[in-house]
Amino acid sequence: MTKMSNSNTLQRIVRCATIAPLLGVTLLATTAMADTLRVISDQGLKTVDPMVTTATSTLAHASLIYDKLFEMDEKGVVRPALADKVESSGDKKTYTISLRGNLKFSDGTPITTNDVIQSLRRWSSRAQIGQMLAARLNQMTKVDDLTFRIELKEPFDVPAALAGTTGNPPFIMPARVASIPATETLTDGTGSGPYMFDLAKWQPGQTRVYVKNPYYVPRTDEPSGRAGKKEAVFDEIDMTDVPDPNTATAAMLTDQYDIWLQPPMDNALTFRDNPKFVVENGIWYSNNVRPNVLNPPFDNVKGREALTYLIDQKEVLPLEAGDPKMWRECYAILTCGDHYGDESAYTEHRGKPDYDKAKQLLAEAGYDGKPLVILDPTDYAPYHSRMLYLAQQLRKAGAQVELQSMDWATLTSRRTSKDPVAKGGWNLMGSGMDAAAASSPITHLMLASNCGDAWFGWPCDEETEKLRAAFVSATSEADKKKITFDLQKRTSEYLPFVLTGESSQPLVRRAEIKGFAADVAVFYFWNVRRAAN
């Protein structure tokens with residue numbers, strides 16, 4: 001039985017919702033701890049460094065303890081955050097950025113341009129957008145302690161790049177911390193954001209405790225999206241991993257938590273008619289299966305093509321999203337219905353599976369009958385359902401499958417392995433991009449096909465990279481539309497990933513919790529408050 005089909009168990013839990021000790025700990029009632037926000041996290045946190053992973057659990061963690069130079073408001077407009085102002089040349093080749101005065105890190109030391117420049121250097125050595133900026137950089141220089149200048153070889157929208165939310169965002173850290181190579185994990189949690197985190201005391205799997213940063217100075221402009229004033233309303237935020245959804249349901253019903261991030265659909269429906277709770281739709285995602293192109297048979301495009309003959313979006317989407325209102329078929333690489341998304345550019349198979357064709361293509365790719373390793377995150381219901389479906393389809397095509405079960409936090413570490421399967425590597429995993437980020441060649445990090453520097457799976461395609469670079473340099477909208485069509489067509493031919501449709505996932509919060517945004521790619525917890533009883 002999967003997490004998507006546990007209605008009978010849920011009914012028993014609802015009838016017996018007095019079982020507060022289910023977690024094995026005693027938590028005080030919500031009203032007794034009104035200054036603490038208690039959250040059931042969406043995914044376990046195993047890595048705290050936002051340059052080492054793109055896991056949304058890490059990005060949510062980083063968003064609490066770090067700030068950025070720029071953020072995007074609810075309309076997608078870039079606005080200053082730690083930055084005070086930015087001046088750009090008419091040709092968009094020179095940007096002079098000034099910081100707000102009297103900014104401090106959580107250890108009380110001033111935030112200066114030395115810290116910013118080193119943070120951006122670390123970011124640009126790792127992040128896809130940062131690498132695009134670095135390829136166009138002439139120099140980045142300090143003007144004074146609060147001002148620095150970026151000079152480029154060709155036009156580039158620097159503020160937009162620095163306002164990114166997904167992938168590896170450019171969070172600002174102390175220079176001593178940012179001096180650690182992006183290939184090494186951080187051991188110092190000193191941050192620039194509204195909350196603090198004691199990294200020295202934390203262990204994976206434990207409740208993560210965040211407390212107010214007394215040195216943080218919020219902006220004074222009205223909040224909008226992630227931009228504007230970031231107020232740390234709660235004195236403390238506790239984030240807890242509760243892998244079993246039935247235990248989490250009982251804990252919510254007995255007032256032990258305020259927010260449950262991304263519960264399975266069946267569990268979320270338990271709360272829909274309860275006036276104490278609000279069930280909200282989260283952000284839409286463009287979902288996919290990600291093959292590892294380093295390992296056979298998916299190092300051969302015919303192996304990747306075989307997957308398109310095994311995946312029917314109408315079959316897999318109900319398994320992982322359930323409610324028909326929460327999913328939709330989509331064969332546009334750049335988000336269906338968005339400005340650049342175009343399903344007509346997709347050239348591969350779509351629709352009902354063809355097992356004979358898939359078997360033929362696997363054979364042509366050199367598949368030798370050895371088990372294909374699929375990374376299966378059993379605590380993340382949508383991906384778990386997708387991987388169970390994929391394993392079933394591969395078996396129908398005659399392939400041997402090794403479904404390796406693990407929690408999401410472990411998967412985010414396992415997917416970094418470039419080893420052969422025989423030495424602990426992998427063949428396939430589930431993934432996805434939020435619809436907003438997936439709408440642009442710049443922010444859709446899974447499009448990057450720059451070989452060893454690409455996202456996990458490491459696709460390597462020169463034509464894709466030329467098209468992405470052309471999009472960045474394009475100045476007319478007509479040119480951008482032509483480039484994005486060609487890019488989507490090329491992506492459907494090269495197949496760095498195989499589309500599995502678009503879906504959303506619900507979120508449950510107590511009705512008294514106000515100001516929390518459910519429809520975002522990376523959750524943030526500033527400006528969230530508890531309404532007075």
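Model, not experiment: these values are computed from the prediction.

Colleague: Lay out the sheet that holds strand β7 (residues 147-152) with the relevant residues and their values.
Modeller: The antiparallel open sheet is built from four strands, whose spatial order is β4-β5-β7-β6. Unpaired on one side and paired on the other, β4 (83-88) and β6 (137-144) mark the two borders of the sheet. The mean inter-strand angle of the sheet, taken between neighbouring strand axes irrespective of direction, is 15 degrees. As defined by bridge partners, β4 adjoins strand β5 (residues 94-99) across five bridges and the pair is classed as antiparallel. By the bridge assignment for β5, Ala83 is matched with Leu99. On the sheet, helix α3 (residues 113-124) packs against β5, β6 and β7 and is oriented at approximately 160 degrees with respect to β6.

Colleague: Summarise the state of the cysteines; cite the residues concerned and give the values.
Modeller: Tallying each qualifying case throughout the model produces two disulfides. Through a disulfide, Cys451 is tied to Cys460; the S-S separation comes to 1.9 Å. Across the disulfide from Cys451 to Cys460, rotation about the S-S bond amounts to roughly 55 degrees, and the bridge is consequently right-handed. Of the residues examined, Cys451 reaches a relative accessible area of 30% and is grouped as partly exposed. Cysteine pairing for the protein chain (bonded cysteines numbered in sequence order): 1-2, 3-4.

Colleague: How would you summarise the pairing of strand β9 (residues 208-212) if you had to cite specific residues and measurements?
Modeller: Sheet topology note: the strand β8 (residues 195-197)/β9 ladder contains three bridges and is antiparallel. Across the sheet, residue Phe197 finds its bridge partner in β9, namely Tyr210. The sheet contact formed by β9 and strand β10 (residues 236-240) spans four bridges and is antiparallel. Along β10, the bridge assignment pairs Val211 with Glu236.

Colleague: Which residues make up the pattern of salt bridges, and what values do they have?
Modeller: The full count for this structure, using the stated rule, is 35 salt bridges. One salt bridge connects Asp107 with Arg176, and the closest N-O pair in it is separated by 3.3 Å. Separated by 69 residues along the polypeptide, Asp107 in the loop between β5 and α3 and Arg176 in helix α6 (residues 175-178) bring together distant segments of the chain. A salt bridge links Asp486 to Lys482; its shortest N-O distance comes to 2.5 Å. Of this pair, Asp486 and Lys482 both sit in helix α15 (residues 477-494), four residues apart, which is roughly one turn of the helix. Look at Asp486 and you get partly exposed, because its relative accessible area is 25%. A cluster of three or more residues bridged by salt bridges with shared partners is formed by Asp255, Asp258, Lys276, Arg510, Glu512 and Arg530.

Colleague: Can you break down the packing of helix α9 (residues 301-308) against helix α11 (residues 355-364) residue by residue, with the values?
Modeller: Packed helices, taken two at a time, are described by the angle between their axes plus the distance between the axes. One can describe the packing of α9 onto α11 by two numbers: an axis separation of 7 Å at closest approach and a directional angle of 165 degrees. Overall, the two elements α9 and α11 adopt an arrangement that is roughly antiparallel. As α9 packs across α11, the resulting crossing turns out to be left-handed. Between α9, through Lys302, Gly303, Glu305 and Ala306, and α11, the contact on the second element is made entirely by Ala358, Leu361, Leu362 and Glu364.

Colleague: Tell me what's going on with helix α2 (residues 56-65), and back it up with residues and numbers.
Modeller: With nine of its ten residues buried, α2 lies for the most part within the structure. Burial in α2 covers these residues: Ser57, Thr58, Leu59, Ala60, His61, Ala62, Ser63, Leu64 and Ile65. Each element contacted by the buried residues of α2 is listed here: β8, β9 and β10.

Colleague: Tell me about the side chain of Arg415, and name the residues and values.
Modeller: You can see Arg415 is positioned in the loop between α13 (408-414) and β17 (428-434). There is no salt bridge for the buried Arg415, and the closest opposite charge comes from Asp407, which lies 11 Å off by N-O distance. When near neighbours in sequence (up to four residues on either side) are disregarded, Arg415 contacts Thr53, Thr54, Ala55, Leu375, Trp408, Trp426, Met429, Trp455, Phe456 and Trp458.

Colleague: I'd like a rundown of unusual backbone geometry, residues and numbers included.
Modeller: With omega at 0 degrees, the peptide bond leading from Pro296 into Pro297 counts as cis. Within the secondary structure, Pro297 is located in the loop between β13 (285-291) and α9. You will see that Cys451, though not glycine, has its phi angle at about 60 degrees, which is positive. The phi dihedral of Leu495 falls on the positive side, at around 60 degrees, and the residue is not glycine. The residue Leu495 is located in the loop between α15 and β18 (498-503) in this model. A relative accessible area of 2% places Leu495 in the buried class.

Colleague: Give a detailed account of the layout of surface pockets, specifying residues and quantitative values.
Modeller: Of the voids in this model, the second largest pocket is the one considered here, and its volume is about 340 Å³. As for the second largest pocket, its lining consists of 27 residues, and the residues nearest its centre are Asp42, Gly44, Val242, Pro243 and Asp379. When contributions to the lining of the second largest pocket are tallied by element, the ones reaching two or more residues are α12 (381-396) and α13. Class assignment of the residues belonging to the lining of the second largest pocket gives a composition of 14 nonpolar, seven polar and six charged.

Colleague: Before we move on, can you summarise empty space enclosed by the protein with the specific residues and values?
Modeller: Overall, the coordinates contain six cavities of 30 Å³ or more when judged by the stated rule. Computed from the structure, the largest cavity encloses a volume of approximately 400 Å³. What lines the largest cavity is a set of 30 residues, and nearest its centre among them are Thr56, Tyr285, Tyr380, Tyr383 and Gly432. Going through the elements one at a time, α2, β13, α12 and β17 are the ones with two or more residues in the lining of the largest cavity. Residue contributions to the lining of the largest cavity peak at four residues, all from β17. Here the residues of the lining of the largest cavity sort into 13 nonpolar, twelve polar and five charged.

Colleague: Tell me about the pairing of β13, residues and numbers included.
Modeller: For β13, the tally of buried residues reaches seven of seven residues, placing the bulk of the element in the interior. Because side chains alternate across β13, one face comprises the buried residues Tyr285, Asn287, Val289 and Pro291, and the other comprises Ser286, Asn288 and Arg290, equally buried. Direction of pairing for β13 relative to β17: antiparallel, over a ladder of seven bridges. Considered in β17, the bridge of Val289 is made with Gly430. Relative to β18, β13 runs antiparallel, the two sharing five bridges. Bridge pairing in β18 places Asn287 opposite Gly501.

Here is what the cut-offs are and how they apply
- Residues numbered from 1 in each chain as written.
- Predicted model: local features only at pLDDT ≥ 70, side-chain atom pairs only at ≥ 80, totals over all residues.
- Heavy atoms only, no water.
- Pairing = 2+ DSSP bridges.
- Helix = DSSP H or I, 4+ residues; strand = E, 2+ residues; numbered from the N terminus.
- Axes fitted to C-alpha atoms, helices over the stretch in contact; angles between N-to-C directions.
- Contact = heavy atoms within 4.5 Å.
- Disulfide = S-S within 2.5 Å.
- Buried < 20%, exposed > 50% of the residue type's maximum accessible area, 1.4 Å probe, protein only.
- Salt bridge = Lys/Arg side-chain N within 4 Å of Asp/Glu carboxyl O.
- Parallel < 35°, antiparallel > 145°, perpendicular 65-115°, else oblique.
- Left-handed = near helix turned anticlockwise from the far one by under 90°.
- Lys, Arg positive; Asp, Glu negative; His and termini not counted.
- 1 Å grid on protein atoms, 1.4 Å probe; cavity = no way out; pocket = protein on both sides within 12 Å on 5 of 7 lines; lining within 4 Å.
- Points joined across faces, edges and corners; volume = space filled by probe spheres on them.
- Nonpolar A, V, L, I, M, F, W, Y, C, P; charged D, E, K, R; others polar.

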